[in-house]
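# Structural overview
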Amino acid sequence: MTLTAVGATTNSEKRRKQPFYATLWVQVLFAILIAAAFGYFSPARAVKMKPLGDGFIRLITMVITLVVFCTVVSGIAGMQDIKKIGRVGGKALLYFEVVSTLALLLGLIVGNLVHPGSGLNIDPASLDAKAVSDYAGQAKAQNGTDFFLHIIPTTVVDAFAKGDILQVLLVALLFGFAISAMGPRCQPLVKLIEALTQAVFGVVNIVMRFAPMGAFGAMAFTVGKYGIVSLQPLAKLIATFYVTSILFVLVILGSIARMAGFSILRFLLYIKDEIFVVLGTSSSETALASLMEKLENLGCSKSLVGLVVPTGYTFNTDGSSLYMTLAALFVAQATNTHLSLTQQLTIFGVAVLTSKGASGVQGAAFIALVGTLIVVPTIPVAGMALILGIDRFLSMFRAIVNMIGNGVATIVVARWENELDRNVLKRRLAGQTD
């Protein structure tokens, strides 16, 4: 595997055609298929492959905080104009809010039209509430004032030690604004951070060599532990969520992309490596660094990419938003809990806030949904035990939609700010490398 599968294409490699089996997406897809077969035919052994997936995700998360810090700081410092930083940030946050709200609304509409939980007739008293108790404990810490206080780390080092992207993002924003305000005096520090950024991305490129191995371990464990048979009772929910996710990407994000002057299908083809890595690991964080490199290759300015993408990974979780309202209605329907329009709108309103805590971390959307149901006690929280076993299968598409949504958002904001080279975008999406 070569580094160009996950990062920028170097000049010496532009003219060299890779054999198909050497590309990252082919290797990851092959690993996923073998893992699924292995998990089906030898589940006991497949479960033991979990450390491979966990190890790869840990390798990525090990450097993610540095990636976020360096790119955000260099991005803000690169813009120099504080007013421009505020304008870009404001437009990005407005876009994030509108599109993620559309995702929440779509999940609500589909849940009411399809009724994925109808017919299960589950008695909430028969469910294992203890299975959800750990998640409920984590969710409570994210509600109300505690959520906002959680954004502020105890110390700067603590933010990096815990690997909390939201806290690191706050530190990076403050640091970036301080450097930008000090002007030329901090140029040596800016150059040092830019050099550190290149080194960190180099580490990411090395780690991504192990992506097929990580995807194999994660998928083998998932199929081996939960099995294909366990999906049958909840197949309607899985199918509904998958189809809705595809429609969201092709129709909603596709329409946004068309208005921004590019094809969503060509964009998906361009980031196919990242899509398959996220599919195999069920975590959008594994593709954060390589997605940023590819967006720069598409003609988006480095400073804008460094500011918008890390912010989007926290505030623009389209897949998680889509999942939250759809899954909430599924639990209500499965437990025969009637919800009035007012109650559904309440769930929608609470989810607008709790979804912002559903970052790219694996399982964060499940915790955010539990937090939503705690705030809206009409639906029994114990009902979340119904989807606990299949959450890994749902998280695959959640993470993919999150990642795609942030890619589209970055290009759109770059176009609004005239920070996008449209000729480069057109050439790269057409498959031209020079």
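Below or above, wherever it landed, is the structure these notes cover.

## Remarks on the nonpolar core
Counting 132 residues, the largest nonpolar core has Phe267, Tyr323 and Ile387 as the members making the most contacts within it. A total of 15 residues in this core trace back to one element, the largest contributor, which is helix α21 (residues 391–416). In this structure Ile387 touches Leu234, Leu237, Tyr323, Ala327, Phe330, Phe366 and Leu369, once residues within four positions along its chain are discounted.

## A closer look at unusual backbone geometry
For His115, which is not glycine, the phi dihedral falls at a positive 55°. Within the secondary structure, His115 is located in the loop between α5 (82–114) and α6 (130–140). The phi dihedral of Asn418 is positive, around 55°, even though this residue is not glycine. Tracing the chain through its elements places Asn418 in the loop between α21 and α22 (422–429).

## Side note on the pattern of salt bridges
Taken as a whole and assessed by the stated rule, the structure comprises 5 salt bridges. Among the ionic pairs, Arg87 bridges to Glu417, the shortest N-O distance being 3.0 Å. Here Glu417 lies in the loop between α21 and α22 and Arg87 lies in helix α5, a separation of 330 residues in the sequence. Taken together, the shared-partner salt bridges in this structure form one network comprising Arg87, Lys91 and Glu417.

## Remarks on empty space enclosed by the protein
The full count for this structure, using the stated rule, is 2 cavities of 30 Å³ or more. What the second largest cavity holds in volume is close to 30 Å³. Along the walls of the second largest cavity sit Leu237, Phe241, Tyr323, Leu326, Ala327 and Leu394, which together make up its complete lining. Secondary-structure elements contributing two or more residues to the lining of the second largest cavity are α12 (235–259) and α17 (318–334). It is α17 that contributes the most residues to the lining of the second largest cavity, 3 residues altogether. Among the residues making up the lining of the second largest cavity, the classes are represented as 6 nonpolar, no polar and no charged.

## Let's talk about a nonpolar patch on the surface
A contiguous nonpolar surface patch, about 590 Å² in accessible area, is contributed by Leu52, Leu59, Met62, Val203, Ile206, Phe210 and Met213. Among the elements that make up the nonpolar patch, the one with the highest residue count is helix α4 (residues 50–79) (3 residues). Tracing the backbone shows Met213 in helix α11 (residues 211–226). Given the relative accessible area of 45%, Met213 is considered partly exposed.

## A word on the environment of Arg209
For Arg209, the position within the fold is in the loop between α10 (187–207) and α11. Taking the relative accessible area as the measure of exposure, Arg209 reaches 43% and is therefore partly exposed.

## A few points about the packing of aromatic side chains
Aromatic rings in a pair are described by how distant their centres are and how their planes are angled relative to each other. Overall, the coordinates contain 9 aromatic pairs when judged by the stated rule. An aromatic cluster of three or more residues is present, and its members are Phe69, Phe160 and Phe175. Here the basic side chain of Lys50 rests over the ring of Phe221, its NZ or CZ set 5.3 Å away from the ring centre. Over the face of the ring belonging to Tyr270 we find Lys294, whose NZ or CZ atom lies 5.5 Å from the ring centre.

## Points about helix α9 (residues 165–182)
Taking 1.5 Å as the rise per residue, α9 with 18 residues should run 26 Å; its terminal C-alpha atoms sit 25 Å apart, in good agreement. Restricting attention to buried positions, one finds in α9 the residues Ile165, Leu166, Gln167, Val168, Leu169, Val171, Ala172, Gly176, Ile179 and Ser180. Two residues or fewer after α9 comes Gly183, characterised by a positive phi angle close to 65°.

## Observations regarding the packing of α4 against helix α16 (residues 302–315)
Between α4 and α16, whose axes approach to 7 Å, the crossing angle comes to 130°. Classed by the angle they form, the pair α4 and α16 counts as oblique. Where α4 crosses over α16, the handedness of that crossing is left-handed. Contact residues: Val68, Thr71, Val72, Gly75, Ile76, Gly78 and Met79 in α4; Ser303, Leu304, Gly306, Leu307 and Pro310 in α16. Taken together, the residues of the contact of α4 with α16 sort by class into 7 nonpolar, 5 polar and no charged.

## Digging into helix α2 (residues 24–41)
Counted at 1.5 Å a residue, the expected span for α2 with its 18 residues is 26 Å, and the 26 Å between its end C-alpha atoms agrees. When we look at burial in α2, the residues that qualify are Leu24, Val26, Val28, Ala31, Ile32, Ala35 and Gly39.

Calculation criteria
- Residues numbered from 1 in each chain as written.
- Predicted model: local features only at pLDDT ≥ 70, side-chain atom pairs only at ≥ 80, totals over all residues.
- Heavy atoms only, no water.
- Core = buried A, V, L, I, M, F, W, Y, C linked by side-chain atoms within 4.5 Å.
- Buried < 20%, exposed > 50% of the residue type's maximum accessible area, 1.4 Å probe, protein only.
- Helix = DSSP H or I, 4+ residues; strand = E, 2+ residues; numbered from the N terminus.
- Contact = heavy atoms within 4.5 Å.
- Salt bridge = Lys/Arg side-chain N within 4 Å of Asp/Glu carboxyl O.
- 1 Å grid on protein atoms, 1.4 Å probe; cavity = no way out; pocket = protein on both sides within 12 Å on 5 of 7 lines; lining within 4 Å.
- Points joined across faces, edges and corners; volume = space filled by probe spheres on them.
- Nonpolar A, V, L, I, M, F, W, Y, C, P; charged D, E, K, R; others polar.
- Patch = residues over 30% accessible without salt bridge, like charges linked within 9 Å, V, L, I, M, F, W, Y side chains within 5 Å.
- Areas by Shrake-Rupley, 256 points an atom, 1.4 Å probe, with all protein chains shown as cover.
- Phe/Tyr/Trp six-rings, centres within 6.5 Å; stacked < 30°, edge-to-face > 60°.
- Lys NZ or Arg CZ within 6 Å of the ring centre and 35° of its normal.
- Expected span 1.5 Å × (residues − 1).
- Axes fitted to C-alpha atoms, helices over the stretch in contact; angles between N-to-C directions.
- Parallel < 35°, antiparallel > 145°, perpendicular 65-115°, else oblique.
- Left-handed = near helix turned anticlockwise from the far one by under 90°.

Function cannot be inferred from these measures alone, as they are strictly geometric.
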